[in-house]
Amino acid sequence: MRSLKLSIVFIIITIACLLCELSAFAEICNRIVAIVNDDMVTLYELNSKISEITGIDPSELQHRNERMYIETRQKALDLLIDQKLTEKKIRELGIKADKEQVDAAIEKIKRENLMTNEDLIDNLKKQGLTYESLKENIKNDIERMQLINLEVKSKIIIKEEDIKQYYTENKKDFESEEMVHLAAIILKRENPSDQNETDALYNKLIEILLKIRNGEDFGKLAMEFTEGAGNEEGGDLGFFKTAQLDPQLIKILEKMENEDVTDPIIWPSAIQIIKLLDRKKKEVKPIEEVREKIYDILYREEVNKRYSAWIEELRENSFTKIIF
């Protein structure tokens, strides 16, 4: 069997050499860089993969950073070798994506990106691709996924105790962020540099604040005086993640209890008083809420681990020769 493989490799190299003699340019642009069983990886494929990974022409990348070029070239070559190995396995197992699957995938792309068929073709042209090449890429992707499902995913079982253990060891990852429910009465500043306007608005809010402290309803006053967001909702602004608020406001809210109202706060575009309606403190979400998320995390980890082991086994049982 090994002698047969070596014979095939010899034939491939011989043919490549004959082709190279026909054109010095062809030899430079598309020589063989690796043999994978009875298949080959060409320099053109390698350079295309490098460009795909980096978005830069390989010669330009090499000129900019030789070390990065060498590392990227090796990464690209490994990906291409793995691709050749999986393609061989797909052929061996008779895996084939049918036309309906490919068409459905294309329709999904158009639907998710709000594209017509003409829009899709135009976008492909801008990327230097054709509709036929897209179909071929999608077909290959579907077949690879079917192979992974067959060889890797179908053998994965995530146990309940694994989910519980992950939850126990990573509880910080499942903490809910502190949230505050705010309402506000907002008076807009037309000219922030006008101190007289600022003083007038501030004094007006002091008067409104006194009414609130004398028992008048915050919501009704907000509907009467607020200019902008929350006017129709009685000043209700909804829930906010505390960490995303202005640092000045966070410091003020830290000292407040539910139903407390701030003194007037001056911002560049407005002056406002804020009422803290509710505060939801940080807490660890119950396992029931995060079980599906944990399952997905563990599943992806297991897929990656098993896929790497599967690819490594394919490599060990294959003939691979790198030619630089």
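Caption draft 1: Highlighting the overall build of the chain. Counting its regular elements, the chain contains 13 helices and 9 strands. In the chain, buried positions account for 33% of the 324 residues. For the chain, the accessible surface area stands at approximately 20800 Å², while carbon and sulfur atoms represent 51% of it.

Caption draft 2: Up close: empty space enclosed by the protein. Evaluation of the coordinates by the stated rule reveals 1 cavity of 30 Å³ or more. Reported here for the largest cavity is a volume of approximately 30 Å³. Among the elements that take part in the lining of the largest cavity, helix α5 (residues 66-93) stands out by supplying 4 residues, more than any other. The residue inventory of the lining of the largest cavity, partitioned by class, reads 2 nonpolar, 1 polar and 5 charged.

Caption draft 3: Spatial organisation of the layout of surface pockets. By volume, the largest pocket amounts to about 660 Å³. In terms of lining, the largest pocket is formed by 19 residues, of which the most central are Lys 49, Glu 52, Leu 80, Gln 83 and Arg 144. Taken together, the elements giving at least two residues each to the lining of the largest pocket come down to α3 (43-54), α5 and α8 (131-151). Looking at the lining of the largest pocket, the element that brings in the most residues is α8, giving 7 residues. Grouping the amino acids of the lining of the largest pocket by side-chain chemistry returns 6 nonpolar, 5 polar and 8 charged.

Caption draft 4: Representation of the side chain of Arg 189 in the model. One can find Arg 189 in the loop between β4 (179-188) and α10 (195-213). Notably, Arg 189 is buried but unbridged: the nearest opposite-charge side chain belongs to Glu 197, and the N-O separation is 4.9 Å. A distance of 2.8 Å separates a polar side-chain atom of Arg 189 from the backbone oxygen of Pro 192.

Caption draft 5: Looking closely at α3. With 12 residues, α3 ought to run about 16 Å at 1.5 Å a step, and its terminal C-alpha atoms sit 16 Å apart, in line with that. Listed as buried for α3 are Leu 43, Leu 46, Lys 49 and Ile 50. Projected down its long axis, α3 shows its buried positions confined to an angular sector of 125°, all on one face. Along α3, exposed side chains directed more than 90 degrees from the buried face belong to Tyr 44 and Glu 52.

Caption draft 6: A look at the packing of α5 against helix α13 (residues 287-316). Contact geometry for α5 and α13: axes closest at 10 Å, N-to-C directions at 80°. In terms of their interaxial angle, α5 and α13 are classed as roughly perpendicular. Residue-level contacts link Asp 78, Ile 81, Asp 82, Leu 85, Thr 86 and Lys 89 of α5 to Tyr 307, Trp 310, Ile 311, Leu 314 and Arg 315 of α13. Here the contact of α5 with α13 is composed, by residue class, of 6 nonpolar, 1 polar and 4 charged.

Caption draft 7: Broad picture of the pattern of salt bridges. Across all of its chains, the model carries 22 salt bridges by this definition. We note a salt bridge from Lys 241 to Glu 177, for which the minimum N-O separation is 3.4 Å. Taken together, the residues Lys 241 in strand β5 (residues 236-241) and Glu 177 in the loop between β3 (175-176) and β4 connect sequence positions 64 residues apart. In this structure, Arg 279 engages Glu 178 in a salt bridge whose closest nitrogen and oxygen atoms are separated by 3.8 Å. Of this pair, Arg 279 sits in strand β7 (residues 270-280) while Glu 178 sits in the loop between β3 and β4, and the two are 101 residues apart along the sequence.

Caption draft 8: Highlighting the sheet that holds strand β9 (residues 320-322). Ordered in space as β2-β1-β9, the 3 strands form an open sheet in which the pairing is antiparallel. If you trace the sheet from one side to the other, it starts and ends with β2 (39-42) and β9, each paired once. Between one strand and the next, the sheet's axes are offset by a mean angle of 20°, whatever the strand orientation. Pairing geometry for strand β1 (residues 32-36) and β9, over 3 bridges, is antiparallel. Bridge pairing in β9 links Ile 35 to Lys 321. Running at roughly 55° to β2, α3 makes contact with β1 and β2 of the sheet.

Caption draft 9: Representation of the sheet that holds β4 within the structure. Ordered by their spatial adjacency, 4 strands build an open sheet running β5-β4-β7-β6, and the pairing between neighbours is antiparallel. Since the sheet does not close on itself, it has two edges, and those belong to β5 and β6 (265-266), each with one partner. Relative to β5, β4 is paired through 5 bridges, and the arrangement is antiparallel. When the sheet's bridge partners are listed, Met 179 is paired in β5 with Lys 241. Running at roughly 35° to β7, α10 makes contact with β4, β6 and β7 of the sheet. In the packing of helix α11 (residues 218-225) onto the sheet, contacts are made with β4 and β7, and the angle to β4 comes to roughly 40°.

Parameters and conventions
Residues numbered from 1 in each chain as written. Predicted model: local features only at pLDDT ≥ 70, side-chain atom pairs only at ≥ 80, totals over all residues. Heavy atoms only, no water. Helix = DSSP H or I, 4+ residues; strand = E, 2+ residues; numbered from the N terminus. Buried < 20%, exposed > 50% of the residue type's maximum accessible area, 1.4 Å probe, protein only. Areas by Shrake-Rupley, 256 points an atom, 1.4 Å probe, with all protein chains shown as cover. 1 Å grid on protein atoms, 1.4 Å probe; cavity = no way out; pocket = protein on both sides within 12 Å on 5 of 7 lines; lining within 4 Å. Points joined across faces, edges and corners; volume = space filled by probe spheres on them. Nonpolar A, V, L, I, M, F, W, Y, C, P; charged D, E, K, R; others polar. Lys, Arg positive; Asp, Glu negative; His and termini not counted. Salt bridge = Lys/Arg side-chain N within 4 Å of Asp/Glu carboxyl O. Polar contact = N/O pair within 3.5 Å; in protein donor to acceptor, adjacent residues only side chain to side chain. Expected span 1.5 Å × (residues − 1). Arc of directions from axis to C-beta. Axes fitted to C-alpha atoms, helices over the stretch in contact; angles between N-to-C directions. Parallel < 35°, antiparallel > 145°, perpendicular 65-115°, else oblique. Contact = heavy atoms within 4.5 Å. Pairing = 2+ DSSP bridges.

Function-wise, these values are silent; they only describe arrangement.
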